[in-house]
Amino acid sequence: MKTLKKFMAAMLALSVVLALTACGGSSSGSSGSSEPSGNGGSGGSDEPAPEHYHIGISQYGEHASLDNCRIGFLQGLEEAGLVEGENLTVDYQNAGFDDSIATQIGQTFSAGNVALMVGIATPSAVACFAAAEDKDIPVIFTAITDPVGAKLDSGNITGTSDVLPVEGQLQLIRDLQPNAKNVGIVYTTSEANSVYSIGVYEEKAPDYGLTIETVGVTSQAEVTQAVDTLISRGVDCISNLTDNTVVGVLPAILEKTNEAGVPVYGSEIEQMKLGCVAGAGLDYIKLGIQTGQMAAKVLKGEATCQDLPYEVIENYDLYINSEALDAMGLSVPAKVADAAIEANG
């Protein structure tokens, strides 16, 4: 009998312990809870979960200028509080300088219902805009010289233009080569940016006592042959645009021009780093940052694309590559040296 009473007492004590444990485990004030807040659970916050954005970036091809645009774009988003891997998912696709692939990328973004498309360079921006229109997905562009000519100046689209400082380039050529007469340019006949820039060069060159010699190409395979043509015409120098087809094979161009003793002028700092002698151009990291800040406003609902007219970057810098200048026997006047940035400094 005593044994039975002891057994019953032990069972009662165990029941009390279990009951207390269960009460403690279900306490809404437990500091060890891993339940996410904002999902309607008991004891959770009434605030909504933080917004997460999914965007698509279509880059027309890989070269330093366009890569810098993308890097700067992500920096601009981050400065605005949108950080990849935290509250931002980025689907980055590269078209490899192929228009048909650029079109496919835009269609894929549209099918995936991204919150925003980004087109880096004209063909990618045009493809994204065409794919986005039916669903009214906002599109942000960068590295486009002539948004009006590309018909990207109205609708649910905005961005930044990298229109070239042509007069700054012509003055730089005149300062470094006082006796120059003919400037050669290779450009892609189907690239709206380049066609526009050629027109500006041809209009402004006579004011600097210069004549423009051009050779148009349709693919990268034709570029080095076009350079041979310009060299055979006796041009005093070559001025490089931000032409994606041409810039993609700049090292091969420089190999030919260095052998022929013909200076090549670049249009942004990365081209000078590769061996162009000098250039008046933009900082594409800064261009990308400015574009990213515009995109952040659209994503956050602070503005629509229609509220934000596309922006033209008007300030430019002078860059020089002293080693390349020395190799061509070109001296730098004091007024250029005082204003210029050493590309490889």
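Our structure is the block above this text.
Now for a description of the structure that goes with this document. The structure displayed is predicted, hence computed values, not measured ones.

**With respect to the pairing of strand E12 (residues 317-320)**
One face of the sheet, then the other: side chains in a regular strand alternate in exactly this way.
Here is step 1 of the chain: The pairing of strand E10 (residues 278-281) with E12 spans four bridges and is classified as antiparallel. Note that in E12 the partner of alanine 280 across the bridge is leucine 318.
Here is step 2 of the chain: As paired strands, E12 and strand E13 (residues 340-342) are joined by three bridges and run parallel to one another. Looking at E13, one finds that isoleucine 320 is bridged to glutamate 342.

**So, helix H11 (residues 284-299)**
Here is step 1 of the chain: Taking 1.5 Å as the rise per residue, H11 with 16 residues should run 22 Å; its terminal C-alpha atoms sit 22 Å apart, in good agreement.
Here is step 2 of the chain: All of the buried residues in H11 are Tyr284, Leu287, Gly288, Ile289, Thr291, Gly292, Met294, Ala295, Ala296, Val298 and Leu299.
Here is step 3 of the chain: Packing partners of the buried residues in H11 comprise strand E1 (53-59), helix H2 (64-79), strand E3 (116-120), strand E4 (139-144), strand E5 (157-161) and strand E11 (311-312).
Here is step 4 of the chain: Glycine 301 sits one or two positions beyond H11 and adopts a positive phi of about 80°.

**Thoughts on the pairing of strand E6 (residues 182-188)**
Here is step 1 of the chain: For E6, a buried count of six out of seven residues is recorded, marking the element as mostly surrounded by other parts of the structure.
Here is step 2 of the chain: Pairing geometry for E6 and strand E7 (residues 211-217), over seven bridges, is parallel. Bridging from a neighbouring strand, valine 183 pairs with isoleucine 212 of E7.
Here is step 3 of the chain: The parallel pair E6 and E7 is bridged by helix H6 (residues 192-204), and the resulting crossover is right-handed.
Here is step 4 of the chain: Here E6 runs beside strand E8 (residues 237-239); their pairing, made up of two bridges, is parallel. Bridging across to E8, glycine 184 finds its partner in isoleucine 238.

**Observations concerning the nonpolar core**
Here is step 1 of the chain: If you look at the biggest cluster of nonpolar residues, it comprises 48 residues, and the most contacted ones within it are Ile55, Phe73, Leu77, Leu116, Met117 and Leu152.
Here is step 2 of the chain: With residues up to four places along the chain from it excluded, the contact list for methionine 117 reads Gly56, Gly106, Phe109, Ser110, Cys128, Ala131, Ala132, Ile137, Pro138, Val139 and Ile140.
Here is step 3 of the chain: Judged by nonpolar contacts, the second largest core, of 31 residues, contains Ile173, Ala180, Val200 and Ala280.

**A look at the packing of helix H3 (residues 99-111) against helix H4 (residues 122-132)**
Here is step 1 of the chain: Their axes nearest at 8 Å, the elements H3 and H4 cross at an angle of 40°. Here H4 runs oblique to H3, going by the angle between their axes. Like other packed secondary-structure pairs, H3 and H4 cross with a definite hand, here right-handed. Seen from H3, the contacting residues are Asp99, Ala102, Thr103, Gly106, Gln107, Phe109 and Ser110; seen from H4, they are Pro123, Ser124, Ala127, Cys128 and Ala131.
Here is step 2 of the chain: In terms of residue class, the contact of H3 with H4 is built from six nonpolar, five polar and one charged.

**Concerning the sheet that holds E5**
Here is step 1 of the chain: Reading across from one edge, E2-E1-E3-E4-E5-E11 is the order of the six strands in this open sheet, with parallel pairing throughout. Each of the sheet's edge strands pairs with one partner strand only, and the pair in question is strand E2 (88-94) and E11.
Here is step 2 of the chain: Where E5 lies against E11, two bridges are found, and the strand directions are parallel. Bridge pairing links serine 161 to valine 312 in E11.
Here is step 3 of the chain: Relative to the sheet, H11 contacts E1, E3, E4, E5 and E11, its axis offset from that of E4 by approximately 170°.

**Section: the side chain of asparagine 240**
Here is step 1 of the chain: In this fold, asparagine 240 is placed in the loop between E8 and helix H8 (244-247).
Here is step 2 of the chain: Among the residues examined, asparagine 240 registers a relative accessible area of 5% and is labelled buried.
Here is step 3 of the chain: Of note is the side chain of asparagine 240, whose polar atom sits 3.2 Å from the side chain of glutamine 271.
Here is step 4 of the chain: Residues in contact with asparagine 240, not counting those within four places in the same chain, are Val246, Val247, Leu250, Val264, Tyr265, Gly266, Ser267 and Gln271.

Thresholds, definitions, all that
- Residues numbered from 1 in each chain as written.
- Predicted model: local features only at pLDDT ≥ 70, side-chain atom pairs only at ≥ 80, totals over all residues.
- Heavy atoms only, no water.
- Pairing = 2+ DSSP bridges.
- Helix = DSSP H or I, 4+ residues; strand = E, 2+ residues; numbered from the N terminus.
- Expected span 1.5 Å × (residues − 1).
- Buried < 20%, exposed > 50% of the residue type's maximum accessible area, 1.4 Å probe, protein only.
- Contact = heavy atoms within 4.5 Å.
- Right-handed = clockwise from strand over helix to strand, strands pointing away.
- Core = buried A, V, L, I, M, F, W, Y, C linked by side-chain atoms within 4.5 Å.
- Axes fitted to C-alpha atoms, helices over the stretch in contact; angles between N-to-C directions.
- Parallel < 35°, antiparallel > 145°, perpendicular 65-115°, else oblique.
- Left-handed = near helix turned anticlockwise from the far one by under 90°.
- Nonpolar A, V, L, I, M, F, W, Y, C, P; charged D, E, K, R; others polar.
- Polar contact = N/O pair within 3.5 Å; in protein donor to acceptor, adjacent residues only side chain to side chain.

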